[in-house]
There are 2 protein chains.
Amino acid sequence: MGIAERKERDKEELRERILVAAKTLFLEKGVEKTSIRNIADLIEYSPGSIYHYFKDKNEIFHALHQGGFQQLMSRMEVLAAVSNPMERLKRMGAIYVDFALENPDMYDLMFIKDAPILHVSNSNEEQWKEGFGTFNFLRSTIKECIDVGHFRGHEEEALSFLVWSTVHGMVSLRIRRRCEVVLAQRQDTIVHDGLNEFFSILDRLSS
Amino acid sequence: MGIAERKERDKEELRERILVAAKTLFLEKGVEKTSIRNIADLIEYSPGSIYHYFKDKNEIFHALHQGGFQQLMSRMEVLAAVSNPMERLKRMGAIYVDFALENPDMYDLMFIKDAPILHVSNSNEEQWKEGFGTFNFLRSTIKECIDVGHFRGHEEEALSFLVWSTVHGMVSLRIRRRCEVVLAQRQDTIVHDGLNEFFSILDRLSS
DNA sequence: AAAATAAATGAACACTGTTTAAAAACTAAG
DNA sequence: CTTAGTTTTTAAACAGTGTTCATTTATTTT
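Residues numbered from 1 in each chain as written. Chains lettered and ligands numbered in written order. Predicted model: local features only at pLDDT ≥ 70, side-chain atom pairs only at ≥ 80, totals over all residues. Heavy atoms only, no water.

Caption draft 1: Expanded view of the protein's contact with DNA strand D. The immediate surroundings of DNA strand D are formed by 19 residues, with Ser 46, His 52 and Tyr 53 of chain A together with Ile 36 and Arg 37 of chain B found nearest. The sugar and phosphate moieties of DNA strand D supply 54% of its atoms located within 4 Å of the protein. A distance of 2.7 Å separates a phosphate oxygen of DNA strand D from a polar backbone atom of Ser 46 of chain A. Between DNA strand D and the protein, one listed contact pairs a phosphate oxygen with a side-chain N or O atom of Ser 35 of chain B at 2.9 Å. Going through the elements one at a time, helix 1 (2-29) and helix 3 (50-53) of chain A together with helix 1 (2-29) and helix 2 (36-43) of chain B are the ones with two or more residues in the surface near DNA strand D. For the surface near DNA strand D, a count of residues per class yields six nonpolar, seven polar and six charged. (Near = heavy atom within 4 Å. Polar contact = N/O pair within 3.5 Å; in protein donor to acceptor, adjacent residues only side chain to side chain. Helix = DSSP H or I, 4+ residues; strand = E, 2+ residues; numbered from the N terminus. Nonpolar A, V, L, I, M, F, W, Y, C, P; charged D, E, K, R; others polar.)

Here it is, written out as structure tokens:
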């Protein structure tokens, strides 16, 4: 009965090859500009074969999407060792920003592009499953901060959204090339400069 | 010599009709899903004709893009009457957010989509001309705040970027449907709730 | 009315995502 | 070892896309 297992492995391997090819092309030329035929050419299969492994183009990029969240989550794991919630919150922001700037196309896919989300909200209920995990992590950290006495006068849910929005805003303006409006000599560092301003604001809100 | 002028007017009128049709379709089904043939059908012209008025599809949406900035700018005009820079900054944020939520597709085109920007940065130098105006307005307001003694310890450029990022982050998460992760009963108000949290943070930074 | 100019057309090109009938490859049973 | 049955892969086809261009149509000038 080892043959069925080997075939299963082969199938999984080709599935993985498709994903690797798709990711390569996507990082090279973007999602929209990458066609099924391009992917097929790269793995030297016919375009039709890809539809035996993925329902449609969206499903391919949704698979990559999930991989991205696993990456981000694994980067967050070091935070378990940070007991001070305020310190953890800041380190979390730094990890988030670094991940986005180091993997702009993946971040784009996860948090900016709209296609993958629509795909998920079609297969109803479990809307953007991956997103919940990361936001819950942020929310619980902020709750800890509030419980310890920080952010007096602020409310958990709205503040969590605000914090997420701030880091998302910075990196997405960068990724989608809206930073040309800031001073030319500051463009390379503006996201980190902005993050530091944000940190010093958070410090002031500590009490 | 009135004939040439009338022809000029006719040409301008058809150009405008293309833009109106393009905008209609775009608001209905999105930029990507709107084809030149769709636009041509709506104005009852052949697809080819459109290329007499616009170089390519990008140029059509770049024209709409410019119109969006004029809209946003005109909303900002009331701020000239607000002498207190801190008050002006907050009202500015509210106008920005309201504009984005009331015209999500236009905002998307202006600040999230990447195609129009690339088009501009190809026709070199004057990169994203429209964006400069709005950001300069924000920067000068924040400079006034600093000059009056607010935001002590913060720096003009990075803080301006941070403030912009915060409001942009909130509305773009909303527009690109990443708000499913916040509590279900808060989703409709979360952007305004977040904005209010932001305002109260700004107040704390006044001194 | 004829010539010149401008505008609009529709067909064509090279793409796209996706479907499907047929072919090839491989496995299992007799 | 051959035959039957599956699974995998393919190539062709469909309906769509942005864009170009020779040709036709309409208008203006001479």
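Still more ground to cover, so stick around.
Caption draft 2: Here's a closer look at the nonpolar core. In terms of nonpolar packing, the biggest core is built from 126 residues, with Trp 164 of chain A together with Trp 164 of chain B touching the most fellow members. Every residue in contact with Trp 164 of chain B, bar those within four places of it in the chain, is listed here: Leu 173, Arg 178 and Val 181 of chain A together with Tyr 96, Phe 111, Trp 128, Phe 135 and Leu 138 of chain B. (Core = buried A, V, L, I, M, F, W, Y, C linked by side-chain atoms within 4.5 Å. Buried < 20%, exposed > 50% of the residue type's maximum accessible area, 1.4 Å probe, protein only. Contact = heavy atoms within 4.5 Å.)

Caption draft 3: Here's a closer look at the packing of aromatic side chains. Inspection of the entire model under this criterion finds 16 aromatic pairs over all chains. Here the aromatic rings of Tyr 96 of chain B and Phe 111 of chain B are separated by 5.6 Å at their centres, their planes lie at 50°, and the arrangement is tilted. Of this pair, Tyr 96 of chain B sits in helix 5 (residues 85-102) while Phe 111 of chain B sits in helix 6 (residues 104-112), and the two are 15 residues apart along the sequence. A relative accessible area of 8% places Tyr 96 of chain B in the buried class. According to the relative accessible area criterion, Phe 111 of chain B is buried, its value standing at 2%. Clustering of aromatic rings is evident, with ring pairs tying together Phe 69, Tyr 96, Tyr 107, Phe 111, Phe 135, Phe 161 and Trp 164 of chain A. (Phe/Tyr/Trp six-rings, centres within 6.5 Å; stacked < 30°, edge-to-face > 60°.)

Caption draft 4: Expanded view of the confidence of the model for chain A. Confidence along chain A averages 89 in pLDDT terms, with 90% of residues attaining 70 or more. The lowest-confidence element of chain A is helix 7 (residues 115-122) of chain A, averaging 50 in pLDDT; the highest-confidence one is helix 5 (residues 85-102) of chain A, averaging 98. (pLDDT = per-residue confidence, 0-100.)

Caption draft 5: Structural view of the interface of chain A and chain B. With 52 residues of chain A at the interface, the matching set in chain B holds 52 residues. Each partner contributes to the roughly 4,700 Å² buried at the junction of chain A and chain B, and carbon and sulfur atoms together form 64% of this total. Residue Arg 186 of chain A pairs with Glu 155 of chain B through a salt bridge whose shortest N-O separation is 2.8 Å. Applying the counting rule to chain A against chain B returns 18 residue pairs in polar contact (both at pLDDT 80 or more). Listing elements by their share of the side of chain A that touches chain B, those giving two or more residues are helix 6 (104-112), helix 7, helix 8 (129-147), helix 9 (156-175) and helix 10 (190-204) of chain A. No other element matches the 13 residues that helix 9 of chain A contributes to the side of chain A that touches chain B. Within the side of chain A that touches chain B, the residues separate by chemical class into 25 nonpolar, 12 polar and 15 charged. (Buried area = accessible area lost by both parts, 1.4 Å probe. Salt bridge = Lys/Arg side-chain N within 4 Å of Asp/Glu carboxyl O.)

Caption draft 6: Representation of the relation of the copies chain A and chain B in the model. Under the fitted operation, chain A is carried onto chain B by 0.0 Å of movement along the axis and a turn of 180°, and the coordinates agree to an RMSD of 0.1 Å. Those values place the two copies in the arrangement expected of a two-fold rotation axis. When the interface residues of chain A are mapped onto chain B, 100% of them are again interface residues, pointing to one common binding face. (Least-squares fit on C-alpha atoms with pLDDT ≥ 70 in both.)

Caption draft 7: Fine view of the side chain of Thr 34 of chain B. All names here are of chain B. For Thr 34, the position within the fold is in the loop between helix 1 and helix 2. Overall, the relative accessible area of 0% leaves Thr 34 in the buried class. One polar contact links the side chain of Thr 34 to the main-chain carbonyl oxygen of Leu 25, over a distance of 3.4 Å. Apart from the residues lying within four places of it in its own chain, the contact partners of Thr 34 are Leu 25, Phe 26, Lys 29, Ile 39 and Lys 57.

Caption draft 8: A look at the protein's contact with DNA strand C. The environment of DNA strand C is formed by 20 residues, the closest being Ser 35 and Arg 37 of chain A together with Ser 46, Ser 49 and Tyr 53 of chain B. Lys 57 of chain A is positioned such that a nitrogen or oxygen atom in its backbone is 2.9 Å from a phosphate oxygen of DNA strand C. The backbone of Ser 46 of chain B places a nitrogen or oxygen atom 2.6 Å from a phosphate oxygen of DNA strand C. Secondary structure elements with two or more residues in the surface near DNA strand C: helix 1 and helix 2 (36-43) of chain A together with helix 1 and helix 3 (47-50) of chain B. The residue inventory of the surface near DNA strand C, partitioned by class, reads six nonpolar, seven polar and seven charged.

Caption draft 9: Region of interest: the environment of Phe 111 of chain A. As for Phe 111 of chain A and Ala 100 of chain A, which are separated by 11 residues in sequence, their C-alpha atoms are 9.7 Å apart. When residues no more than four places from it in sequence are discounted, the contact partners of Phe 111 of chain A are Phe 69, Leu 72, Tyr 96, Trp 128, Trp 164 and His 168 of chain A together with Arg 178 of chain B.

Caption draft 10: Main features of the pattern of salt bridges. Residues and elements named next belong to chain A. Here the structure, examined in full by the defined rule, presents 22 salt bridges over all chains. The closest approach of N and O atoms between Glu 102 and Arg 75, which form a salt bridge, is 2.8 Å. Residue Glu 102 is found in helix 5, and its partner Arg 75 is found in helix 4 (residues 57-76); the two are separated by 27 residues along the sequence. Judged by relative accessible area, Arg 75 falls into the partly exposed class, the value being 28%. In this structure, Asp 108 engages Arg 176 in a salt bridge whose closest nitrogen and oxygen atoms are separated by 2.7 Å. Of this pair, Asp 108 sits in helix 6 while Arg 176 sits in the loop between helix 9 and helix 10, and the two are 68 residues apart along the sequence. Of the two residues, Asp 108 and Arg 176, both sit in the buried class. Within the structure, one salt-bridge network assembled from shared partners comprises Asp 108, Lys 113 and Arg 176.

Caption draft 11: Spotlight on helix 10 (residues 190-204) of chain B. Taking 1.5 Å per residue as the helical rise, helix 10 of chain B with its 15 residues ought to reach 21 Å, and the 21 Å between its terminal C-alpha atoms agrees with that figure. Along helix 10 of chain B, the residues that are buried comprise Ile 190, Val 191, Gly 194, Leu 195, Glu 197, Phe 198, Phe 199, Ile 201 and Leu 202 of chain B. Contacts from the buried residues of helix 10 of chain B go to helix 9 and helix 10 of chain A together with helix 5 and helix 9 (156-175) of chain B. (Expected span 1.5 Å × (residues − 1).)

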